[in-house]
Amino acid sequence: MREIEAGTAPPEGDVGLEITRQYYLRVIAARDGSAAARAGLQTGDYIRGIDGKPTRDMPVFEGARLLRASPARRSR
């Protein structure tokens, strides 16, 4: 959260999204101008699945890893 507020550039492949677990993965914040913000994700949204995998019992670390994309994958 501090990095988002400070305006620090996200790591390569990052979609600009901070998440937590609350039954499913839940959006804490989407960085302005990020891929997540352009996709319409907002604070409080639930992410119920990633690539067909349910997030009900998924750890935050795993969800964040699955949401990251390589630069080549993002340009498709």
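Source: prediction; values computed, not measured.

## Things to note about the overall build of the chain
Counting its secondary structure elements, the chain contains four helices and five strands. For the chain, the N- to C-terminal ordering of α and β elements is α-β-β-α-β-β-β-α-α. By residue count, 26% of the 76 residues in the chain fall in the buried class. Sequence-distant contacts in the chain: of pairs separated by 6 or more residues, those separated by 24 or more amount to 42%. When the accessible surface of the chain is totalled, it reaches about 5,300 Å², and 49% of it is carbon and sulfur.

Definitions and limits used
- Residues numbered from 1 in each chain as written.
- Predicted model: local features only at pLDDT ≥ 70, side-chain atom pairs only at ≥ 80, totals over all residues.
- Heavy atoms only, no water.
- Helix = DSSP H or I, 4+ residues; strand = E, 2+ residues; numbered from the N terminus.
- Buried < 20%, exposed > 50% of the residue type's maximum accessible area, 1.4 Å probe, protein only.
- Contact = heavy atoms within 4.5 Å.
- Areas by Shrake-Rupley, 256 points an atom, 1.4 Å probe, with all protein chains shown as cover.

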